[in-house]
Every structure is written in structure tokens, then in C-alpha cells.
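Close look at the chain arrangement
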Amino acid sequence: MQKQIRSALISVFYKDGLEPLVRLLSENGVAIYSTGGTQQYIEQLGLECIPVESVTDYPSILGGRVKTLHPKIFGGILGRRENAQDLVEMKEYGIPTLDLVIVDLYPFEETVANTSEEKLIIEKIDIGGPSMIRAAAKNFSDLVVIASKADYTTLVDILTEQACTTTLEQRRSFAAKAFDIVGNYDVAISKYFTPDNSNQFLQAAGNPHTMRYGENPHQKGIFFGQLDALFEQLHGKELSYNNLVDVEAAVQLISEFKGEENTTFAIIKHTNVCGLSTRATTSASWNHALQGDPESAFGGVLVCNNVIDVSTADLINEIFFEVLIAPAFDADALAILTTKKNRILLVQKKDHPAEKQFKSLLNGVLIQDQDHGNIEKWEETGAREATATEKSDLIFANKVCKHLKSNAIAIVKDKQLIGKGCGQTSRIDSLRHAIEKAKQFNFDIKGAVLASDAFFPFDDCVKMSHAEGIEAFIQPGGSIRDKDSIAYCKENGLVMVMTGLRHFRH
């Protein structure tokens, strides 16, 4: 059922992005109620505004702690428009009907991050804001609630297209977001008063966000955590369940190349890397990553450890992708990449902080340490030592292999992933797949190196690889038949490096 917006209560801490919405409401004859800084902001725009104090007959008191906590305000929010008795009481007590509530929350988490002075932190615990948001979300059948500046543009589009009306489905969607925001806010406050960081899983579980759906449309999905602490979303639709899973894989992979002089670009598809390259420039890195598997790149998640410049943006703009993650975007690059409205552009603000991994199964939860590190030892067991170029590629390949699903094989040449096999039930099948991929895209395998996430159970992988021109291998070792692969390498002048560190990924 569509509802006309004739009145609005606006009280926000953040004013950026508010002007177009306020002007649209004013142009449509909507009565705007406000207080404090928001009232001043609206009046400075030259627009009419009704002070909340004129409705409550009470000024803002106790240093601003009490402004909107009043029956006439909450009655206007909670009054049921289809309930005759509610309407009688609202008329009797002079309670205005409110059709739209735009309220955000004091920046509690930002304050905690920027100061240790408890007096300042406590003053940023919002009381009226969460109360009004919850009240408005509860009464979504009759009014709209906007609890985040991120939704201003969406509401402007809706009101423009629908002549200042909203549907029940739209109001319910905004209400769901509002409850999420208030829930996260309360958890942040609770964490401040109980700062035990020993259980990351239970801490994250206090921040529920309802997804559009889970891995598939018939599955419900909820994200628990604080995504905003890691990323700033510059553009695009809401991250889906599958987007989040791939973004996790992307940032874990790119963290392996932190602090390097050159630029690394990676393409992720279903949590596996299908393209990866390190080059002197961002555009060259992108081109060589894409060359690795241009078919699989379609609809992928892209990640880079350098600023996205305009030349790279022009190249990326030619393909369809879901998400692009980078430490920053040049303004001209952003202008190009935002031409497609659903593309998700993320600025990664800091590294992945989690030290534990969690997996639910068998009526319980598995917890393990993150897979930190790549090489425990560098043991040359072949016929000769790796050249400088081979060693550089072997280290690169080992990092790649760590982030592929087991059984995993990565073929690398000149710091470019040219072939990979993953998720196969035998290691030799993963190798066949990796070789096939390299040949499919016309790579010259001769002189490439190969990494395996676990030991070679037999010497068949080394023999098959050597037949294709691969002369250097890196693997953790540990098989009772290591000697077979080592013997073949020694007999044929090949490099074999044992790292002592396995990287299974299931």
C-alpha cells in the first residue's frame, strides 16, 4: 500500500548529502520538523522548518541530552493510522502525524577510536536517536525511517519517481536496515563496557546484517561483523553473500604482496584466484592478470595493492566484474568506473584483522588460527640451486598456491599466473587442469615454475611437468615417497625446493 509523505522529522549528526533530500521534501510541500543543528542547517538553506520545541512546549535541556524524548514526538511516530482510537488520542493531545523519520546516531565508534577520555565517549552514547529509529521502524506500515546517510539518494530516487509516496515493501526494507544499524550500535557500546577481545566469533556475532539472500536465492543469509572497519564503499549495490566470500578470499590473497615495490593485481572467482600478476605499473599488472584466464575473469572480484589510475580504469571498464578493491582510486578513474551503477567499488582501509577462522559443522563450530606464513625452510633438494629468476617465481607461485582450493597446483612465469588447477580430488588431475589452462591461452610453459600446496605423493607430477618444459618446483615435502620426486629432479637437472609448510584449503 502506498503512503503519501506529508510530514517529516529530521534530526541528524551528519549533514553531508542531506540537502537534495530536504529540498525535494520542501518542493513537495512536506512539513519538516527539526531541532538543534539540523534545524539550523535546514534554515540556512532558506527552507521552512518547524522547531520540535514548538510541538513539545519544552526546550532542549540538560545540555542537549533531552530534546526529542517526548510523547508528542513518539506519539507522532508510533500512532497507527488505521486505528481509530489512536487517531482520536492524537487529535485530543495535539500530536502531529509523522510520515518520515530521518535520524542517524552519534558517532560512538569513531569517538572511541579517536580518544580514550571516557567523558567524551559517554556523551556520544545516543539515547533519543535509537529510540526514534526503533519506533519508526516498528511502525513501518505507516511511515518511512532512514537511519543512514547512505540511503538518502535511494529515498530521493523513490520519492521522485513515485510522487513523494512509498510502498509497504520499500518501508519494510528501510525498517530492516534501521534495526540492523541500531543493533550494531548497541553492540559497539556493549563492547566498550566489556572489552574482552578473547572471543572474536562471539563479538562479531553481536552485529547482524540481513543479506538479500544466502549463497543461493532460496537460502536466508545474515552477516555478523563490522565491514565498515575494513572498507569504505564508494559505489555500487549492496554486497551479497557470495560477494563477501570472494572479497574475503581477495583481501587474504593480496595481503601476501603487501609492501612490494611493484603492483600486484588479482582476479578472484568462487574464492579461487584465476588471474594474478606483478608488474611495474598498475595497468600492466591488470593486463597480465587478465591474460591468465580472460574467460574466468567475467563476473569476478578484482583486487589491487596500488591506486587505480585512469589508464587502468579504462582497461577494467571493458569487462563485467562484481567488485573492485583497492587502497585508493584517482578521481578520473572513479568517474569511469562509476558509469555502471551496480559495480561495487571498495577502498580497503586496513588489513584483515582476524587471527582466527571459524567454520560451523556437525552441530558445532571449528576454530583455527589463520594460515600465516609461506615458507618454514628453503631446502634445495634437486640437481641444482634455483636461479634468481626461478627463486622469485617460486616464491610467487607458492603464495598463489596457498590461496587455491586443494588439491592445488600453480604454474607461474615471470611473476604471472599462467595456469592453475584447484579443487580436484587428485593432485595429478589438478596438474592436468593447470597445463590445459596455460595451453588454452597460448602460454609458453617452457621455463615456468610450479608450486603445489601439499607434497607430491608420487613422482608422476614432476615427470608430467618436466615433459611440458617446467624445470623448477616448490612444495612442502613430507611424503614417504619424496625420494622418488627428488631422484627424478636430480637425474634431469631440475630444481626442487622443500618449504616444510603445507597449505591445505578446503
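Our subject is the structure that appears above.
Residues numbered from 1 in each chain as written. Predicted model: local features only at pLDDT ≥ 70, side-chain atom pairs only at ≥ 80, totals over all residues. Heavy atoms only, no water.

Quick look at the overall build of the protein chain now. When helices and strands are tallied, the protein chain shows 19 helices and 23 strands. For the C-alpha atoms alone, the extent of the protein chain along its principal axes is close to 100 × 45 × 45 Å. Per-residue burial for the protein chain yields a buried fraction of 48% across its 506 residues. Considering only contacts in the protein chain between residues 6 or more positions apart, those separated by 24 or more positions represent 57%. Carbon and sulfur atoms provide 52% of the accessible area of the protein chain, an area that totals close to 24400 Å². Here the protein chain contributes 52 positively and 66 negatively charged side chains, and the mean placements of these two sets differ by 3 Å. (Helix = DSSP H or I, 4+ residues; strand = E, 2+ residues; numbered from the N terminus. Buried < 20%, exposed > 50% of the residue type's maximum accessible area, 1.4 Å probe, protein only. Contact = heavy atoms within 4.5 Å. Areas by Shrake-Rupley, 256 points an atom, 1.4 Å probe, with all protein chains shown as cover. Lys, Arg positive; Asp, Glu negative; His and termini not counted. Charge placed at Lys NZ, Arg CZ, Asp CG, Glu CD.)

This brings us to the sheet that holds strand β21 (residues 449-452). Read from one edge to the other, the open sheet built from six strands follows the order β18-β23-β22-β21-β19-β20, with strand pairing classed as mixed. A single partner strand is all that each edge strand has here, and the edge strands are β18 (379-380) and β20 (417-421). Each of β19 (409-412), β20 and β21 is contacted by helix α17 (residues 427-440), which is oriented at about 145 degrees to β20, the strand it contacts most. Those strands touched by helix α19 (residues 482-491) are β22 (472-475) and β23 (495-498), and its axis lies near 145 degrees from that of β23. (Pairing = 2+ DSSP bridges. Axes fitted to C-alpha atoms, helices over the stretch in contact; angles between N-to-C directions.)

What follows is about the packing of aromatic side chains. Following the criterion strictly, the structure yields nine aromatic pairs and no others. The interplanar angle of 55 degrees and the centroid separation of 5.5 Å between the aromatic rings of F257 and F396 together place this pair among those described as tilted. In this pair, F257 sits in the loop between α12 (241-254) and β11 (263-269) while F396 sits in helix α16 (residues 388-402), placing the two residues 139 residues apart along the sequence. Looking at F257, the relative accessible area reads 1%, which means it is buried. What makes F396 buried here is its relative accessible area of 4%. Seen in terms of ring centroids, F298 and F320 are 5.1 Å apart; in terms of plane orientation they differ by 50 degrees. Their pairing is tilted. Of this pair, F298 sits in the loop between α13 (282-291) and β13 (300-304) while F320 sits in the loop between α14 (310-316) and β14 (321-326); the two residues are 22 residues apart in sequence, bridging distant segments of the chain. (Phe/Tyr/Trp six-rings, centres within 6.5 Å; stacked < 30°, edge-to-face > 60°.)

Our next topic: the packing of helix α8 (residues 128-138) against helix α10 (residues 168-193). Axes are the key here: two packed helices are described by the angle between their axes and the distance separating the axes. It is the contact of α8 with α10, at a shortest axis distance of 9 Å, that shows an interaxial angle of 150 degrees. With respect to their mutual orientation, α8 and α10 come out roughly antiparallel. Read as a crossing pair, α8 and α10 show a hand that is left-handed. Side by side, α8 and α10 meet where P130, I133, R134, A137 and K138 of the first sit next to A175, A178, F179, V182 and Y185 of the second. (Parallel < 35°, antiparallel > 145°, perpendicular 65-115°, else oblique. Left-handed = near helix turned anticlockwise from the far one by under 90°.)

Taken residue by residue, helix α1 (residues 19-27) has L21, V22, L24 and L25 as its buried positions. End-on view of α1: buried residues confined to an arc of 160 degrees, all on one side of the axis. At its buried positions, α1 is contacted by β2 (7-11), β3 (31-34), α2 (36-44), β5 (100-103) and α9 (152-161). The positive-phi residue at the C-terminal boundary of α1 is G29, with phi of around 75 degrees. (Arc of directions from axis to C-beta.)

Counting 40 residues, the largest nonpolar core has V247, V273, L276 and I325 as its most contacted members. Here the element with the most residues in this core is α12; it accounts for seven residues. Setting aside residues no more than four positions away along its own chain, I325 makes contact with F231, V247, A250, V251, V301, L302, V303, C304, L346 and Q348. Counting residues in each nonpolar core, the second largest holds 28 residues, with I73, I77, A175 and A178 among its members. (Core = buried A, V, L, I, M, F, W, Y, C linked by side-chain atoms within 4.5 Å.)

What follows covers the side chain of S485. On the secondary structure map, S485 appears in helix α19. Among the polar contacts made by the side chain of S485, one reaches the main-chain carbonyl oxygen of F458 at a distance of 3.4 Å. Discounting chain neighbours no more than four positions away, the residues touching S485 are F456, F458, D459, V462 and M496. (Polar contact = N/O pair within 3.5 Å; in protein donor to acceptor, adjacent residues only side chain to side chain.)

Its location among the elements puts S11 in strand β2. For S11, a relative accessible area of 15% gives the class buried.

Read across the open sheet, the six strands follow the order β10-β15-β14-β13-β11-β12; overall the sheet is mixed. Of all the strands in the sheet, the pair left with one neighbour each is β10 (231-235) and β12 (272-279). Between one strand axis and the next, the sheet turns by 20 degrees as a mean value, whatever way the strands run. Across four bridges, the pairing between β10 and strand β15 (residues 344-348) is antiparallel. Bridging from a neighbouring strand, H235 pairs with L345 of β15. Against the sheet, α12 contacts β10, β11, β12, β13, β14 and β15, and its axis sits at roughly 150 degrees relative to β11.

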